[in-house]
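A structural walkthrough
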Amino acid sequence: MMSGQSLCIGLSLATTWLTGNGWRRPDSRVEQICLSDFYVDIARRAEAAKLDFLFRPDSLFLDPTMLNQSPGISGLDPTLLLSALSRETSHIGLVTTASTTFNHPYHVARSIQSLHWLSKGRAGWNVVTALDGNENFGVDIMPDADSRYDRAAEFTEVVFRLWQSYPPEARVVDRQAGCYVETGRIRPIDHRGPFFSVKGPLNIPASDYGRIPILQAGASERGRDFAARIADAIFAATPDMEAGRELTDDIRSRARQAGRGPGAVKVLPGLSLFLAPTRQEADALFEETQRGRDIARKHAFIREALGLDVSGMSEDRRITTDLLPTMERPVRSRTHARLLRRLIERESPTLSQLLKRPEVSGSAHWQVVGTPADAIDSIMEWFEAGAADGFVALPGGSEDCLNLFLEEVVPGLVERGVFRSEYSGPTFAHHLQLA
Ligand SMILES: Cc1cc2nc3c(=O)[nH]c(=O)nc-3n(C[C@H](O)[C@H](O)[C@H](O)COP(=O)(O)O)c2cc1C
């Protein structure tokens, strides 16, 4: 924790509480996940709790076999969804996700600037390089992670320049003289690079609500360098406090090397919550949510990330490093593969233990299964240890867990003096202390 700082808290709108068996509850409202009403209620309650932002991850592909068991994160276009929410809220940040691998920077610059206008300064962009979906865009083989980062670097540079190409001060709106803009202040960007040729300028003015904060997800060496250069916050996968501290220290030092202040990039791990009034009930909620989850999918994840086939192994077999192929091989996410390997190196878990760990079953996120008081204690511990600057809440199991988070965990953090009780400004950049 840096002195005088308070937590930065986002809430994922990925309907994490419907995953596993959560959607099967009679009161889950899963039929409504493509309707804005479903999200409006949640957004208003998150704003009443004075959260920094709502966060919508995204992907540009559909694996229908995954839908057998749960609704997943597919669905509404995130920027359109957040635009609908912008009319129903007034302060909370609205972070959309746009991949730099399959979009075009002109479109992304325009749609996020539009969200910024429509929400009066509350847009944020979660920059991802994507994990899948190439065949939807005429690309036979998924580009490897390094070339995706090369493209992401150029993509973001083009977007930032487009956002500056039509500055707010160009709009003089002089009715008397009949002059709407000073055209000389609107400049093409004339960008020509390996991936894009973009003349510009953008066809929408930059809003005068200030800057659009950037989040980034992906924590390989390349990912960290990229975040240190361009991001205001990183959405991180850190399954334990040590991983959080290592990432936070590393990001601070990379930010310094990139000529930025030590606190320039906030580290915001995903925080998976399974909350109930008692620990027994929380354990039961967790078990119930996980029960029957597709074991073959977990095996496939381990095979893809590590090159290790565990499908024929008994559940009490210890998974040790000597079982792991040593050869460097391309993987979908180096971040997740590294975290999984790290777990095996440190603990040599049995297969049964491994399959239950967040590195395999929960996108490697920090996880609390317990009471709201347990969640508050864990958050305080991480924050005070410098392992996180805040978090993105991923409530699991049922909507009751989301309710406990908003109605008990957040007020508990306010009581402990580490979270705001009122917004002190109207824009997302202001909440992040960037304005
Ligand atoms: C915590 C986390 C969240 C991510 N969320 C998304 C997402 O919503 N959509 C997406 O297409 N990719 C997502 N990714 C994938 C990253 O953008 C990136 O493509 C991937 O992690 C490979 O980068 P790496 O080599 O740095 O790990 C996420 C990655 C991480 C670690």
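Residues numbered from 1 in each chain as written. Predicted model: local features only at pLDDT ≥ 70, side-chain atom pairs only at ≥ 80, totals over all residues. Heavy atoms only, no water.

Helices and strands together make up the secondary structure of the protein chain, namely 14 helices and 13 strands. Structurally, the protein chain occupies a C-alpha span of about 80 × 50 × 45 Å along its principal axes. Buried residues in the protein chain amount to 53% of all 435 residues. With an accessible surface of roughly 19,400 Å², the protein chain has 49% of that area assigned to carbon and sulfur atoms. Averaging the coordinates of the 49 positive side-chain charges in the protein chain and doing the same for the 56 negative ones gives two points 4 Å apart. (Helix = DSSP H or I, 4+ residues; strand = E, 2+ residues; numbered from the N terminus. Buried < 20%, exposed > 50% of the residue type's maximum accessible area, 1.4 Å probe, protein only. Areas by Shrake-Rupley, 256 points an atom, 1.4 Å probe, with all protein chains shown as cover. Lys, Arg positive; Asp, Glu negative; His and termini not counted. Charge placed at Lys NZ, Arg CZ, Asp CG, Glu CD.)

Right, let's get into the environment of D190. With respect to the helices and strands, D190 occurs in the loop between β6 (179–181) and β7 (191–192). As for D190 and R329, which are separated by 139 residues in sequence, their C-alpha atoms are 38 Å apart. Excluding its chain neighbours within four sequence positions, the residues that come into contact with D190 are V198 and K199. (Contact = heavy atoms within 4.5 Å.)

Turning our attention to the nonpolar core. Core analysis: the biggest nonpolar cluster contains 73 residues, and L51, W125, F405 and L413 have the highest contact counts within it. The element that contributes the greatest number of residues to this core is helix α13 (residues 399–415), accounting for 8 residues. Residues contacting F405, with those up to four places away along its chain left out, are I9, L11, L51, L273, L275, F391, A393, V410 and P411. Core analysis: the next-biggest nonpolar cluster, separate from the first, contains 17 residues, I302, L306, V310 and L340 among them. (Core = buried A, V, L, I, M, F, W, Y, C linked by side-chain atoms within 4.5 Å.)

Further remarks concern the UniProt feature "binding site: FMN" (unreviewed entry) in the protein chain. Residues given the UniProt feature "binding site: FMN" (unreviewed entry) here are D58, T97, Y149 and S220. Within the element layout of this structure, D58 appears in the loop between β2 (53–55) and α2 (78–86). Excluding its chain neighbours within four sequence positions, the residues that come into contact with D58 are I73, P78 and T97. The residue T97 is located in strand β3 (residues 93–99) in this model. T97 gets classed as buried once you look at its relative accessible area, which sits at 6%. Ignoring any residue separated from it by four or fewer positions in sequence, one finds T97 in contact with R56, P57, D58, P78, N126 and V128. At a separation of 2.7 Å, a polar atom in the side chain of T97 contacts the main-chain carbonyl oxygen of R56. (UniProt positions renumbered as here; feature names shortened; annotations may be inferred. Polar contact = N/O pair within 3.5 Å; in protein donor to acceptor, adjacent residues only side chain to side chain.)

For the rest of this paragraph, the subject is the site of the ligand. Near the ligand lie 20 residues; those nearest to it are D58, T129, Y149, S220 and T335. S333 places a side-chain nitrogen or oxygen 3.4 Å from an oxygen atom of the ligand. For the ligand, whose accessible area on its own is 620 Å², the fraction buried by protein is 94%. If you list the elements that add at least two residues to the shell around the ligand, you get α4 (145–165) and α9 (334–347). (Near = heavy atom within 4 Å.)

If you walk through the whole model with that rule in mind, you get 16 aromatic pairs. A centroid spacing of 5.0 Å and a plane angle of 75° characterise the contact between F38 and Y39, whose relative ring orientation is edge-to-face. You'll find F38 and Y39 in the same group, each marked buried. With centroids separated by 4.9 Å and ring planes inclined at 10°, the aromatic side chains of F102 and F137 adopt a geometry described as stacked. Pair noted here: F102 is in the loop between β3 and α3 (105–118) and F137 is in the loop between β4 (123–128) and α4, with a separation of 35 residues, a long-range link. (Phe/Tyr/Trp six-rings, centres within 6.5 Å; stacked < 30°, edge-to-face > 60°.)

What follows is about the packing of helix α12 (residues 372–384) against α13. Running from amino to carboxyl end, α12 crosses α13 at an angle of 45°, the nearest separation of the two axes being 9 Å. By the criterion of interaxial angle, the relationship of α12 to α13 is oblique. Crossing of α12 against α13: the hand is right-handed. Note on element contacts: α13 touches α12 through L404, E408, V409, G412 and L413, opposite P372, A375, I376, I379 and M380. Taken together, the residues of the contact of α12 with α13 sort by class into 8 nonpolar, 1 polar and 1 charged. (Axes fitted to C-alpha atoms, helices over the stretch in contact; angles between N-to-C directions. Parallel < 35°, antiparallel > 145°, perpendicular 65-115°, else oblique. Left-handed = near helix turned anticlockwise from the far one by under 90°. Nonpolar A, V, L, I, M, F, W, Y, C, P; charged D, E, K, R; others polar.)

Once that is clear, we can look at the side chain of N126. Locating N126 in the fold gives a position in strand β4. The class for N126 is buried, based on a relative accessible area of 2%. Engagement of the side chain of N126 in a polar contact is seen with the side chain of T97, the distance being 3.0 Å. Apart from residues no more than four positions distant in its own chain, N126 is found in contact with F55, V95, T96, T97, A98, L215, Q216 and A217.

What follows deals with α13. An α-helix turns once every 3.6 residues. As a result, residues three or four positions apart point the same way. Taking 1.5 Å as the rise per residue, α13 with 17 residues should run 24 Å; its terminal C-alpha atoms sit 24 Å apart, in good agreement. Every buried residue belonging to α13 is among E399, C401, L402, L404, F405, L406, V409, V410, G412 and L413, and all of these are buried. Buried-residue contacts for α13 involve β1 (8–12), α1 (36–48), β11 (266–275), α12 and β13 (390–395). Sitting at the amino-terminal end of α13 is S398, which places a side-chain oxygen 3.1 Å from the backbone nitrogen of D400. (Expected span 1.5 Å × (residues − 1).)

The subject of this paragraph is the pairing of β4. Most of β4 is tucked away, with 6 of its 6 residues classed as buried. Where burial is concerned, the two faces of β4 agree: the one with A123, W125 and V127 and the one with G124, N126 and V128 are both buried. In this sheet, β4 lies alongside β3 in parallel orientation, the contact comprising 6 bridges. Within β4, the residue paired with A98 across the bridge is V127. Once the chain exits β3 it traverses α3 before rejoining the sheet at β4, and the crossover so formed is right-handed. Sheet topology places β4 next to strand β9 (residues 214–216); 3 bridges connect them, and they run parallel. Bridge pairing links W125 to I214 in β9. (Pairing = 2+ DSSP bridges. Right-handed = clockwise from strand over helix to strand, strands pointing away.)

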